[in-house]
Every structure is written in C-alpha cells, then in structure tokens.
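# Summary of the model geometry
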Amino acid sequence: MNDRSIAYFSMEIAVEDGIPTYSGGLGVLAGDTLRSAADLKIPMVAISLLHRKGYFFQKIDHNGWQTEQPAEWVVNDFLSEEEPEISISIENRKVRIRAWRYEITGVGGYKIPVYLLDSDLAGNSEWDRSLTHFLYGGDEKYRFCQEVILGIGGVRILRAIGYNGIKRFHMNEGHAALLALELLDEEAGKAGRNFVSESDIKTVKNKCVFTTHTPVPAGHDQFPFELFSTIFQDRQDFIDMRDCLCVELANNMSEHKAEPGHIIPSNHVQGKTINMTYLALNLSHYVNGVAKKHGEVSRSIFPGHVIDAITNGVHAATWVSWPFRDLYNRYIAGWCQDNFSLRYALGIPPNEIWGAHMKVKKELISYVNREANAGMDKDVLTLCFARRMTAYKRADLIFSDIERLKNISKNAGSLQLIFAGKAHPKDQEGKQIIRRILDMKELLKAEIRISYLPNYDMRLAKMLVSGGDVWMNTPQPPMEASGTSGMKAALNGVPSFSILDGWWIEGCIEGVTGWSIEEEGKRETANMENNALSLYEKLEHSVIPAFYNNRDRFIEIMRHAIALNGSFFNTQRMLQQYVTNAYFL
Ligand SMILES: *Cc1c(COP(=O)(O)O)cnc(C)c1O
C-alpha cells in the first residue's frame, strides 16, 4: 500500500467493457489513463463510485425518441468487496461507505487498484443507499452528495485501507474537488487545531493536481450556498472556508464572451454558489487543460490562475482492432510498450494497411446490417460519427443542406453514414438531434444509407473508430476541449474529417493526416452555415475523390494518421507529461 504515491479521483472510470460505470469521454479517458499507468508502472491508485445502475441503457423508440433504463450488471462478477468501512456525515447523518476493488493489469503485469465506493449498505437510509446508484442521476442535492462521497469518502477509504504514502491527489475534473477540504481537515487535525491555517492550505495545495475538462459552463459544477451548508451542517470548519475557497464571484465564466452561435447562458453563475472548479483551482499547485487550445480558453475563463495544457491521449492497445494489432505485431516490435514506435507505421506496405482495414470494415458493415438491417455496402465510403448527443457537438451539421448532400453522393461518389451516441436524460435538445438523424435516415434512404446504433459504449466505439473509412467530428469551436475518439480512429489508420477544435488543431495536417472543416481565417466566428458549406466543399473535392479515385493517396493518409497521430495522441505520452509537469515523482 505504501508504495502508491498518486491517488487519481474521477466521478467516472471506464475500467472495462462490461462495467457501465462511465458515461463517455471523461470516464474513458480515466480508464485509458490508468491502463497506461499500469503499463508504465506508475504507482497509482484510483477512486470512483460504484454506480450500481450505471449511467443508463439507451433505447430508441419508434418515434426516434431516446428512452433510458437502468443499466443492469452484476457487481460480484467483476469486483471484490474490501473489508474496511468508513463513514461520512451528510446532513448530520452518518452514512456508511464500503469500497469494491478492481485491478487494472499493465503489459508487464503491474497492477493498479481501482476502488469504487458504495453507500448501498444496511443501516443507511433508503436515500443514502441510492447515492451510488446512478452516474449523473438525480437532482442537484443528489449530485452534491455523490461528490461528498467521492471527495471526502474517497480520501477516508484510502486511509482506512492503509494508503499512507500518497503525495499527489489528482482531481480528474471538479467533481472530486471536495477531497481538498478533507485534506485540509487532516492537516488541521494533525496540528491539533479545529480551524484551517495558511500553512495547511500551502501543504494541501502542494499535494493537489487538477485537470479541467470543458469550456462549457454546464460542465462546471456549481451548488447553492444553502445546499452546502445543509449537507455540511455539522462541519463549521467547511462552512467557514466556503467563502474564501469556493467562490470567485467575478462571474468570469459568464463574462467569457460567447462567439456567435455559442451557447453560454449569461445567467449561469449568478447568485451565491459553490463552484467546484474554483475550489479545485484554489487548492491545486498544478492545473491543466486537456489540449493546447483548451489551455488557452481556460486561461481566459479563469484569469489570474496559472493553467498549463497536457493534450489528452488514448490507450493504444485498448483501441487498436485485431487486424491492426496483428499488423503492428509483425512490423513494429514492442509497440505496446513504446507507443512512440508507431511512427514506423510509415514502413508498413500500403496493401497490408488496406487489407487490415477491410477486415475490420467488413465486420462493422455486417454488424450494422445484422443489427439494424442497414443494407450497407463494404465498398462504399463510410463516415462514422459517434459521441455524446448534445447541441454543441452538432451531429446533424452534415444535414444542413440535404439537396447538396444528395447531389454530392450522387455525383462525386456514394456515401454511408453510421451514428451513435447517448443524450443526457435531461438534455431535450440532444434527444431532438437523435430524432432528426433518424428522420434523415428515412428521408434520404433512396440516396444515402444511414444507421443510428443504440447504446454507444466502449465495445461499439471500438467497432466504429476502426471500421469506418473516415471519422467525422463537427463541434462548435471552442467547445470541444479535446475529443478523443478521433485519436482512437488514428490508431486504426482511420483519418479524421473534422472541425478544427480541441486536439484536431494539433493533429490535423491537411491532406496528410486527414482533413479540416473550416472557413479560411474564420475559425471561431464561422456559424453553422459557413461550417456546413466548408464541410460539403471538402467532402466533394477532397475526401470523396481521394477515397474513390486515388486509393494510393488515401492509404498514404491512413499511414500518416497512424505514424504521426497514433504515435503521439496516446495516454502513454500524456502520462509521461503528467509525471514530469504535475506529479514530479
Ligand atoms: C472515446 C469515447 C467517447 C469520447 O469521444 P469524444 O471524441 O471525446 O466525444 C465517448 N464515449 C465512448 C463510449 C468512447 O469510447
């Protein structure tokens, strides 16, 4: 236990396919981070919640409307329950918490334990028992209590299990920020005080690392003062700290001027709120955004804070499909241990790259035909788009002008589109987008085959990022902090065709690693119409011709996606940067 020096806290972690304890990008990143930490033998331990009923199981009804069911899974099949038990105080009630253990094993056999906290224990009230059931479920109070369990319960469980050598606490997003309050409390306790001193703050800051993940205000948790005071009613020390640590009522986030077409509601941070992002910013010695551009945007949203950037990555071995794994094993010895060596993909013969791609593509096409009766053709250019369905991701951008789209498919070369993604249960706009895509499927069925695969998860993601010919992403800049699915595609030789935002600003070399969608010189002022025009132009004159008329060039782009982007946008490189810039082991 005492060999572990870094504790990684995340509200969601995608530990493996069958465990639905994640909703999307944040959780997959956390899982990939820990998988690479195990490969690199970085002495980490991780904390999250059990989420006994998952995020949700997505079904789409006959009207194209998403419905949600609890995700059913058998905890005992995957995890083992730990002995120690702790309790935390919520509204002056004692809530018992236990942890379930999962182990992530690296390429060399090194193991990273992941503890998933569970409040569903006898003796707790019905409501308290439900707190670790649904990821991002319930109301504001439910969410705040989950963060109390994660932050405060997480630190306590680590202590109870015997982790006493932890030097750094990494908060993956502000959800975990309350851990800093618990650490302050520990420091004050050690000094025999019942209040926190300046030196406690310094000590705690030195232990904390914070990664912020989104420029979208709704992604920064804020809770009313009254809620904080009610939940922590027996914790006068926390209530005393509230004003100095959690608030920065400059309303910076609402002053961050929205570019045309952006959706930053100006009333979002009015009133007295506890802002988890500020709490984390104020109590961390190192803060970073998740791509270079996101670092810049974060510095403008939070002036006065030093914010670095470490661009996200993905765990290579997890996301490479089997035909490419076989190929890399033959041509690039040791690529799993050393992801940088994927640069030698430039030496793999083009016909081998294409052969491997067609194997995965056939699997995907037969899957959509079998599951969704999609009638797709393995020789037709297939574009995939899969991510959380929410307004700023603009999954329906490609349908802005359907006559134009039909003409392109008819004259330049035919197209097939595969979509997937969940909308948050309360995101009505996100659900409308799903419905619109399904309407398009009907409307365009004579010209373009379209399929919407339900219940997007890691398993489906793996098929889509490898089996399509081109990976598409069309967010409203600068809302996509990083994005990681395009990185998974690159590892499978699938080029991206995307708006220049997040990681793609760094990863796109036009016509070499893929294609950008952007109006010359108008990145952040371009509206949806400009972006759609640029999408159609590029599709018609670059993407489709390369695929159908110049296959050698298309394969050249595939090879460069692997060699330039697969070799760099991985969690191995990312973690090495965390070690040198944030953890200083
Ligand atoms: C990778 C992944 C995501 C994140 O993709 P983005 O490109 O960041 O939107 C979301 N959900 C699943 C299941 C994934 O595998």
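Residues numbered from 1 in each chain as written. Predicted model: local features only at pLDDT ≥ 70, side-chain atom pairs only at ≥ 80, totals over all residues. Heavy atoms only, no water.

Working note: regular strand, side chains alternate between the two faces of the sheet. Burial of the side chains of strand β18 (residues 470-473) extends over both faces: Val-470 and Met-472 are buried on one face and Trp-471 and Asn-473 on the other. Note that strand β15 (residues 381-386) and β18 share two bridges and pair parallel. Residue Leu-383 lies in a different strand from β18, and its bridge partner there is Val-470. Pairing of β18 with strand β19 (residues 496-499), which is carried by three bridges, proceeds in the parallel orientation. Each bridged residue has a counterpart across the sheet, and for Met-472 the counterpart in β19 is Phe-497. This β-α-β element, β18 to helix α18 (residues 485-491) to β19, shows right-handed connectivity. (Buried < 20%, exposed > 50% of the residue type's maximum accessible area, 1.4 Å probe, protein only. Helix = DSSP H or I, 4+ residues; strand = E, 2+ residues; numbered from the N terminus. Pairing = 2+ DSSP bridges. Right-handed = clockwise from strand over helix to strand, strands pointing away.)

Turning our attention to the packing of aromatic side chains. For the coordinates displayed, the defined rule picks out 25 aromatic pairs. Where Phe-144 meets Phe-228, the ring centres are 6.0 Å apart and the plane angle is 55 degrees; that geometry is what we call tilted. With a gap of 84 residues between them, Phe-144 in helix α4 (residues 140-161) and Phe-228 in helix α7 (residues 225-231) connect regions that are remote in the sequence. Looking at Phe-228, the relative accessible area reads 0%, which means it is buried. (Phe/Tyr/Trp six-rings, centres within 6.5 Å; stacked < 30°, edge-to-face > 60°.)

Another point: the site of the ligand. Around the ligand, a shell composed of 14 residues is seen, among which Lys-393, Ala-461, Thr-484, Ser-485 and Lys-488 lie nearest. A distance of 3.0 Å separates an oxygen atom of the ligand from a polar atom in the backbone of Thr-484. At a separation of 2.6 Å, an oxygen atom of the ligand approaches a polar side-chain atom of Lys-488. Coverage of the ligand by the protein amounts to 94% of the 380 Å² it exposes when considered alone. When residues of the shell around the ligand are traced back to their parent elements, those giving at least two are α1 (25-40), α17 (458-467) and α18. (Near = heavy atom within 4 Å. Polar contact = N/O pair within 3.5 Å; in protein donor to acceptor, adjacent residues only side chain to side chain. Areas by Shrake-Rupley, 256 points an atom, 1.4 Å probe, with all protein chains shown as cover.)

Here Trp-322 shows up in helix α13 (residues 322-331). We classify Trp-322 as partly exposed; its relative accessible area is 37%. Spatially, the C-alpha atom of Trp-322 lies 32 Å from that of Gln-66, the residues being 256 residues apart in sequence. What Trp-322 contacts, discounting residues up to four positions off in sequence, is Lys-359 and Glu-363. (Contact = heavy atoms within 4.5 Å.)

Glancing now at helix α6 (residues 198-207). Looking at α6, one finds that the buried residues are Asp-200, Ile-201, Val-204 and Lys-207. Looking straight down α6, one finds its buried side chains confined to an arc of 120 degrees; they lie on one side. Turned more than 90 degrees from where α6 packs its buried face, Glu-198 and Lys-202 sit exposed. The elements touched by buried residues of α6 are β9 (168-172), α5 (179-190) and β10 (208-211). (Arc of directions from axis to C-beta.)

Another point: the environment of Glu-540. Along the chain, Glu-540 turns up in helix α20 (residues 528-549). Distance in space between the C-alpha atoms of Glu-540 and Leu-405 is 9.2 Å, their sequence separation being 135 residues. Among residues more than four places away in sequence, those in contact with Glu-540 are Arg-404, Ile-408, Ala-412 and Pro-545.

Moving on: the packing of helix α15 (residues 402-411) against α20. At their nearest, the axes of α15 and α20 sit 11 Å apart, and the two run at 0 degrees to each other. In terms of orientation, α15 and α20 fall into the roughly parallel class. Residues Arg-404, Leu-405 and Ile-408 of α15 form the contact with α20, whose own contacting residues are Leu-533, Tyr-536, Glu-537, Leu-539, Glu-540 and Ile-544. (Axes fitted to C-alpha atoms, helices over the stretch in contact; angles between N-to-C directions. Parallel < 35°, antiparallel > 145°, perpendicular 65-115°, else oblique.)

Per the stated rule, a full pass over the model turns up 33 salt bridges. Residue Arg-159 pairs with Glu-186 through a salt bridge whose shortest N-O separation is 2.8 Å. Of this pair, Arg-159 sits in helix α4 while Glu-186 is found in helix α5, placing the two residues 27 residues apart along the sequence. Judged by its relative accessible area of 24%, Arg-159 falls in the partly exposed class. The exposure class of Glu-186 is buried, given its relative accessible area of 18%. (Salt bridge = Lys/Arg side-chain N within 4 Å of Asp/Glu carboxyl O.)

Our focus in this paragraph is the nonpolar core. As a rule of thumb, nonpolar side chains are buried together in soluble globular proteins. Ranked by size, the top nonpolar core spans 92 residues in total, and within it Phe-399, Leu-464 and Leu-539 carry the most contacts. Top element by residues in this core is helix α14 (residues 350-372). It accounts for nine residues. Those residues within four positions of Phe-399 in sequence are excluded, and the remaining contacts are Leu-405, Leu-417, Phe-419, Arg-436, Ile-437, Met-440, Leu-444, Ile-450 and Tyr-536. One finds Ile-97, Ala-180, Ile-274 and Ala-280 within the second-largest nonpolar core, a separate group that totals 67 residues. (Core = buried A, V, L, I, M, F, W, Y, C linked by side-chain atoms within 4.5 Å.)

Before going further, it helps to examine the UniProt feature "modified residue: N6-(pyridoxal phosphate)lysine" (unreviewed entry) in the protein. Here the UniProt-annotated "modified residue: N6-(pyridoxal phosphate)lysine" (unreviewed entry) positions come out as Lys-488. Leave out the neighbours within four places in its chain, and Lys-488 touches Val-28, Val-314, Trp-319 and Val-465. (UniProt positions renumbered as here; feature names shortened; annotations may be inferred.)

Moving on: the state of the cysteines. Taken as a whole, this structure holds zero disulfides when the rule is applied. A disulfide-free cysteine, Cys-384 has its sulfur positioned 19 Å from the sulfur of Cys-508, the nearest such atom. Given a relative accessible area of 14%, Cys-508 falls into the buried group. (Disulfide = S-S within 2.5 Å.)

This part takes up the confidence of the model for the protein. Averaged over the protein, the pLDDT score is 93; the fraction of residues at 70 or greater is 94%. Scored below 50 in pLDDT, residues 249-270 makes 43 contacts in the model with residues more than four places away or belonging to other chains. (pLDDT = per-residue confidence, 0-100.)

It is worth spelling out the sheet that holds β19 at this point. If you walk across this open sheet you meet the six strands as β17-β16-β15-β18-β19-β20, and the pairing is parallel. Whereas interior strands pair on both sides, the edge strands pair on one side only; in this sheet they are β17 (449-453) and β20 (514-517). The average angle at which neighbouring strand axes cross in this sheet is 20 degrees, direction not considered. Where strand β16 (residues 415-420) meets β17, five bridges bridge the pair, whose relative direction is parallel. Among the inter-strand pairings, Ile-418 is bridged to a residue of β17, identified as Ser-451. Lying on the sheet, helix α16 (residues 428-443) is in contact with β16 and β17; it crosses β17 at an angle near 150 degrees.

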